[in-house]
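Letter by letter, the chains look like this.
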Amino acid sequence: MLLSCDWGLSMANRRTHRRAGRISGAVYAAHRAKDQGVLQCAAEVAGGAFGGEVGALVADVLEPGISSWHRGPAHSCTAGVAVLSLGDLLGQAETYCRRQAERKAEERRTLQMVPDVMEPNLFVPAPNSTLAQLWLITCEFLWQALAGFANGLAAGYLSHLVLDAGTPRSIPLLTHG
């Protein structure tokens with residue numbers, strides 16, 4: 001939040017919302033990914049930062065800030081509760097994305113070794129291209145980042161509401177009426 005010259009709180013601008021969204025998205029994604037590997041966690045944190053930035057802008061996309069009285073349902077306590085209630089759905093999306101990433105990792109590992117033609121019990125390096133491996137690694141980490149993006153989106157939206165709640169106009173329960 002910004003401080004004005006008289007040390008009172010002022011309205012957060014787009015830049016402040018984006019910054020707070022990135023931070024809150026990255027932190028929440030890191031919290032959710034704490035049991036993942038280092039690279040997987042890093043991908044989720046990056047996705048969470050991007051999702052947080054996008055989420056922080058959603059309320060103003062739905063209700064553009066043409067005046068200080070622009071706060072309707074998208075800028076309300078009710079909207080915040082609605083986002084918080086999506087916890088199970090976000091958890092399911094996160095699980096789905098992580099499973100897809102695991103499938104790509106497994107596919108990449110199985111492409112690295114194949115049974116030998118002469119001795120089926122012996123595995124030898126697979127004759128596949130580096131490009132195929134690169135594609136699978138990219139897909140794996142994009143799925144991992146998408147898991148973080150979903151969490152960051154919610155955290156970013158909530159960060160927008162928290163910043164707006166701290167201003168003199170605050171946020172309404174449902175709408176400005």
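Presented here is an overview of the structure given in this document. (Residues numbered from 1 in each chain as written. Predicted model: local features only at pLDDT ≥ 70, side-chain atom pairs only at ≥ 80, totals over all residues. Heavy atoms only, no water.)

Here's the deal with the packing of helix 1 (residues 14-32) against helix 2 (residues 38-62)
Interaxial distance between helix 1 and helix 2 falls to 6 Å at its minimum, and their mutual angle equals 140 degrees. Our classification of the angle between helix 1 and helix 2 gives oblique. Viewed along their axes, helix 1 and helix 2 form a crossing whose handedness is right-handed. Residues Arg-14, His-17, Arg-18, Gly-21, Arg-22, Gly-25, Ala-26, Ala-29 and Ala-30 of helix 1 form the contact with helix 2, whose own contacting residues are Glu-44, Val-45, Gly-48, Ala-49, Gly-52, Glu-53, Ala-56, Leu-57 and Asp-60. In terms of residue class, the contact of helix 1 with helix 2 is made up of 7 nonpolar, 5 polar and 6 charged. (Axes fitted to C-alpha atoms, helices over the stretch in contact; angles between N-to-C directions. Helix = DSSP H or I, 4+ residues; strand = E, 2+ residues; numbered from the N terminus. Parallel < 35°, antiparallel > 145°, perpendicular 65-115°, else oblique. Left-handed = near helix turned anticlockwise from the far one by under 90°. Contact = heavy atoms within 4.5 Å. Nonpolar A, V, L, I, M, F, W, Y, C, P; charged D, E, K, R; others polar.)

Examining the nonpolar core
If you look at soluble globular proteins, the nonpolar side chains tend to sit buried side by side. By size, the foremost hydrophobic cluster in this structure holds 10 residues: Ala-59, Ala-74, Ala-79, Val-83, Leu-90, Ala-150, Ala-154, Tyr-157, Leu-161 and Ile-171. Elements represented by at least two residues in this core include exactly helix 3 (77-84) and helix 5 (130-165). A total of 4 residues in this core trace back to one element, the largest contributor, which is helix 5. Not counting the four nearest positions on each side in its chain, Leu-161 is found in contact with Ala-74, His-75, Ser-76, Ala-79, Gly-80 and Ile-171. (Core = buried A, V, L, I, M, F, W, Y, C linked by side-chain atoms within 4.5 Å. Buried < 20%, exposed > 50% of the residue type's maximum accessible area, 1.4 Å probe, protein only.)

Focus on the packing of helix 1 against helix 5
For the pair helix 1 and helix 5, interaxial distance at closest approach is 7 Å and the crossing angle is 135 degrees. Judged by the inter-axis angle, helix 1 sits oblique to helix 5. Once helix 1 is placed against helix 5, the crossing between them reads as right-handed. Touching Thr-16, His-17, Ala-20, Gly-21, Ser-24, Gly-25, Tyr-28, Ala-29 and Arg-32 of helix 1 are Gly-148, Asn-151, Gly-152, Ala-155, Gly-156, Ser-159, His-160, Leu-163 and Asp-164, all from helix 5. When grouped by side-chain class, the residues that make up the contact of helix 1 with helix 5 number 5 nonpolar, 11 polar and 2 charged.

As for the pattern of salt bridges
Summed over all chains, the structure comprises 7 salt bridges. The salt bridge partner of Glu-53 is Arg-22, with a shortest N-O separation of 3.0 Å. Here Glu-53 is found in helix 2, whereas its partner Arg-22 is found in helix 1, with 31 residues between them in sequence. When its relative accessible area of 14% is taken as the criterion, Glu-53 is described as buried. For Arg-22, a relative accessible area of 31% puts it in the partly exposed group. One network of salt bridges, with partners in common, ties together Arg-32, Glu-44, Glu-94 and Arg-98. (Salt bridge = Lys/Arg side-chain N within 4 Å of Asp/Glu carboxyl O.)

Some words on the packing of aromatic side chains
This model, assessed by the stated rule, comprises 2 aromatic pairs. Centre to centre, the rings of Tyr-96 and Trp-143 are 5.7 Å apart; their planes meet at 80 degrees, and the pair counts as edge-to-face. You can see Tyr-96 sitting in helix 4 (residues 87-112) and its partner Trp-143 sitting in helix 5, a full 47 residues away along the chain. Residue classification places Trp-143 among the partly exposed positions, given a relative accessible area of 24%. (Phe/Tyr/Trp six-rings, centres within 6.5 Å; stacked < 30°, edge-to-face > 60°.)

A look at a nonpolar patch on the surface
Together, Phe-50, Val-54 and Leu-153 make up a nonpolar patch on the protein surface, roughly 240 Å² of accessible area in all. Note on placement: Leu-153 falls in helix 5. Judged by its relative accessible area of 32%, Leu-153 is partly exposed. (Patch = residues over 30% accessible without salt bridge, like charges linked within 9 Å, V, L, I, M, F, W, Y side chains within 5 Å. Areas by Shrake-Rupley, 256 points an atom, 1.4 Å probe, with all protein chains shown as cover.)

Focus on the side chain of His-17
Here His-17 shows up in helix 1. Judged by its relative accessible area of 2%, His-17 falls in the buried class. A polar atom in the side chain of His-17 sits 3.3 Å from the side chain of His-160. If near-sequence neighbours (up to four positions away) are discounted, His-17 is found in contact with Ala-12, Ala-56, Asp-60, His-160, Leu-163 and Asp-164. (Polar contact = N/O pair within 3.5 Å; in protein donor to acceptor, adjacent residues only side chain to side chain.)

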